[in-house]
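Results of the structural survey
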Amino acid sequence: MIKKITIFLAVLLLNKFQSQSPENSETSFMVILKSQLIAGVSGEKNETDYPTYKFTLKDLEATESIIAKELDDNGYKKPSTEEFINKINMIFKRVIAPKSDSKYLHINFEDKCSKDLKLYKNSNSIDINPYSTYIFKNGRFISDLYSIPEIMDYTKNPKLFQFEKDAENNNHIKDVKIYYWKDIADLKEIRKRNINTIVARNMYLFNDNKTYVTWLVTQDPTFVKTLVKQFGYTKEPKFNDLTMNDYLNNYQTSSDIGDVIFTKNCNGKLEIRTELLKYIKEHTKSDENRLLTALENFGYALKDNNSFTPDEKYKILAYIGNTVDPFYLNFAGVNSGNAVWNAESVLYNSIVKDRNIISVFQKNNYYDLPDLKDSLMRIQGIIEHSSE
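Now for a look at the structure at hand. What you are looking at is a predicted structure, and each value in this text was computed from that prediction instead of being measured.

**A few points about the overall build of the chain**
Scanning the chain from N- to C-terminus turns up 17 helices and 10 strands. Here the C-alpha atoms of the chain give a radius of gyration of 27 Å, more than 25% beyond the 21 Å that 2.2 N^0.38 yields for 388 residues. With the C-alpha coordinates of the chain rotated into their principal frame, the extents come out at 100 × 50 × 35 Å. Counting the 388 residues in the chain, one finds 47% classified as buried. Charged side chains of the chain number 52 positive and 52 negative; the gap between the two group centres comes to 4 Å.

**As for the state of the cysteines**
Taken as a whole and assessed by the stated rule, the structure comprises one disulfide. With its sulfur 2.1 Å from that of its partner, Cys113 forms a disulfide with Cys266. Residues Cys113 and Cys266 are joined by a disulfide whose S-S torsion is about -100 degrees; by sign, that bridge is left-handed. With Cys113 in the loop between β3 (104–108) and β4 (132–136) and Cys266 in the loop between β7 (262–264) and β8 (270–272), this residue pair connects regions lying 153 residues apart in the sequence.

**Observations regarding the nonpolar core**
Ranked by internal contacts, the top residues of the largest apolar core, which has 105 residues, are Phe92, Leu205, Phe239, Phe262, Phe361 and Tyr367. Looking at which element gives the most residues to this core, the answer is helix α6 (residues 187–207), with nine residues. In this structure Phe239 touches Tyr204, Val213, Leu216, Val217, Val224, Leu227, Val228 and Tyr233, once residues within four positions along its chain are discounted.

**Focus: the pairing of strand β6 (residues 176–179)**
Only one face of β6 is covered, namely the face carrying Val176 and Ile178; the face carrying Lys177 and Tyr179 is uncovered. Direction of pairing for strand β1 (residues 42–45) relative to β6: antiparallel, over a ladder of four bridges. Across the sheet, Lys45 pairs through a bridge with Val176, a residue of β6.

**Looking at the packing of aromatic side chains**
We describe a pair of aromatic rings using the distance from one ring centre to the other and the angle between the two ring planes. Counted under the stated rule, the structure contains 19 aromatic pairs. A centroid spacing of 5.3 Å and a plane angle of 85 degrees characterise the contact between Phe92 and Phe231, whose relative ring orientation is edge-to-face. Of this pair, Phe92 sits in helix α4 (residues 81–92) while Phe231 sits in helix α8 (residues 221–231), placing them 139 residues apart in sequence. Phe231 shares its class with Phe92; the two are buried. Ring plane angle 45 degrees and centroid distance 5.2 Å describe the contact between Phe331 and Trp341, whose orientation is recorded as tilted. Placement of the pair is Phe331 in helix α14 (residues 328–331) and Trp341 in the loop between β10 (339–340) and α15 (346–353), with a sequence separation of 10 residues. Each member of the pair, Phe331 as well as Trp341, is classed as buried.

**What about the side chain of Thr234?**
Residue placement: Thr234 occurs in the loop between α8 and α9 (237–251). Taking the relative accessible area as the measure of exposure, Thr234 reaches 12% and is therefore buried. Those residues in contact with Thr234 that lie beyond four places of it in its chain are Val228, Asn240, Arg273, Glu275 and Leu276.

**A look at unusual backbone geometry**
Backbone phi values are negative for most residues with the exception of glycine, while trans is the configuration of most peptide bonds. Positive phi outside glycine occurs at Lys93, with the angle close to 55 degrees. Residue placement: Lys93 occurs in the loop between α4 and β3. The partly exposed category is assigned to Lys93, whose relative accessible area is 37%. Despite not being glycine, Tyr366 shows a phi value in the positive range, around 55 degrees.

**Observations concerning the sheet that holds β4**
Spatially, three strands are ordered β3-β4-β5 in an open sheet, and the strand pairing comes out antiparallel. On the outer flanks of this sheet lie β3 and β5 (141–143), each paired with one strand and no other. Strand-to-strand, the axes of this sheet are offset by a mean angle of 25 degrees, without reference to chain direction. Bridge analysis of β4 against β5 gives three bridges, and the strand direction is antiparallel. Bridge pairing in β5 places Phe136 opposite Phe141. On top of the sheet, α6 reaches β4 and β5; it is set at about 145 degrees to β5, its chief contact.

**Digging into the pairing of β3**
Taken across its five residues, β3 has five buried, putting it largely inside the fold. The alternating pattern of β3 places Tyr104, His106 and Asn108 on one face and Leu105 and Ile107 on the opposite face, and all of these are buried. For β3 and β4, the ladder comprises five bridges, and the chain directions are antiparallel. Within β4, the residue paired with His106 across the bridge is Tyr134.

**Some remarks on the pattern of salt bridges**
The tally for this structure, following the rule as stated, stands at 16 salt bridges. With its nearest N and O atoms 2.6 Å apart, the salt bridge here joins Lys121 to Glu150. Highlighted residues: Lys121 in the loop between β3 and β4 and Glu150 in the loop between β5 and α5 (158–169), separated in sequence by 29 residues. For Glu150, a relative accessible area of 13% translates into the label buried. Beyond isolated ion pairs, a larger network of salt bridges with shared partners links Asp144, Arg201 and Asp220.

**With respect to helix α11 (residues 274–282)**
Since the α-helix advances by 3.6 residues per turn, residues separated by three or four positions end up pointing in the same direction. Looking only at α11, the buried set comprises Leu276, Leu277, Tyr279 and Ile280. One side of α11 carries all its buried residues, which in axial view fall inside an arc of 155 degrees.

About the cut-offs
- Residues numbered from 1 in each chain as written.
- Predicted model: local features only at pLDDT ≥ 70, side-chain atom pairs only at ≥ 80, totals over all residues.
- Heavy atoms only, no water.
- Helix = DSSP H or I, 4+ residues; strand = E, 2+ residues; numbered from the N terminus.
- Rg over C-alpha atoms; globule rule 2.2 N^0.38 Å.
- Buried < 20%, exposed > 50% of the residue type's maximum accessible area, 1.4 Å probe, protein only.
- Lys, Arg positive; Asp, Glu negative; His and termini not counted.
- Charge placed at Lys NZ, Arg CZ, Asp CG, Glu CD.
- Disulfide = S-S within 2.5 Å.
- Core = buried A, V, L, I, M, F, W, Y, C linked by side-chain atoms within 4.5 Å.
- Contact = heavy atoms within 4.5 Å.
- Pairing = 2+ DSSP bridges.
- Phe/Tyr/Trp six-rings, centres within 6.5 Å; stacked < 30°, edge-to-face > 60°.
- Axes fitted to C-alpha atoms, helices over the stretch in contact; angles between N-to-C directions.
- Salt bridge = Lys/Arg side-chain N within 4 Å of Asp/Glu carboxyl O.
- Arc of directions from axis to C-beta.

Written out as C-alpha cells, the structure is:
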C-alpha cells in the first residue's frame, strides 16, 4: 500500500490555463469542473497509482444543482424540512440541527456514529476508504461524492471538450501519466448508472416509492445491506431478505449473525432488531434451521461476549429463547434436509447452568415476549422431572 501524497497538479495547471485566458472570471462550478478535467480520472507514476486531485467541499457543492435537476426530472418530490430531518433520523440515526451552518453531513457506513465530515469516493483507489454517502441539507436528498463528469455530460459543450484536449496536450509533468475522462469508453453508461442510483435511493427513502425496491436490491446491494446491518433499517422485507440470504450464503451457521441483530446505538444502549428475529422465525422449518442455529450459536457464545452488560445478556438470551425454543417442541433431535436439530435449545442449556435466569426473566415480566413464559414453564418441567 503506497501512502497517498496530496498534490496540487490540477490547481497549478488550471491557474496556468486561466492566466492565458482573457475570461478570467468564472463561476465556481466551472472552476471545479475544469480542475477535474485537468486532473483526469486518475494518474500513474512508475506504474503505480498516483493521486492527481484532492476533493474539497466545493466539489460536493458543485454537484448539488446537477443532482437536484436529475431528481426533479425523474419525479422526485422534495420533502419538507421536517419530513427530511425525521427520515434521516429514522434511517441513519443521524440528527440534523436545523440551525447549524453546515450544508452537508457525512454518513460513514463503517462507523455509524462518526460525525466527521470527510470526503471519500466510493471507488477503487490506492486508499482503502470507508463506504460513504452525503446528506445535502438544503437540497434534501442524499448522494455519494461524484466527480462532475460522472453525473453530467460535459462533452455537450464543445469548449469544455476542447479544454480537456488542450489540458492533455499541455501536460508535461515528468513521469506522470494522466488518464482523462474523454478516454473512458463506458463513461456514458457509468453516468447513467450513477444517476439511476441517486434517483432510486432518494425516491424510495424520501418519497416512499416502492417501485424502486427491486432495482435497489438487484443493482445497489451493498447500499441495501449496509442500511440493514449498520443502521438497522429493517422495515423493508426485501432488504431483510437480501441481507439474511447473503449472510446464509457466506456464513452459514456462524454466530456472527448476532452482531447484526443485537447492537449498541451511539449512546451505548442495547438495540434489538426484532424484524430480523421475525425473519428467522418465518424462515425456519423442520428441514431448514441454519439461521436459527446461527442465532443459537450466538447465544452459546454470549457468556464470553464483553460487548454487553450482564443485564443486557439476560435480555438478549430472552429474545433468542423466545425465537428459538418453541421449535424444539416438535423438532428436537431431528435431522432433515439442511437442518440439524440439537437435543435441546440454547435456552434450556443456559438455564441448566444458571438457574438465576428464571428469576431474572420473571422479574422483567418476561420482557413482554409472547412465547417466553411458556418456554420457561416447559424447561422447568423437564428439569424438575429429570431431578426426581
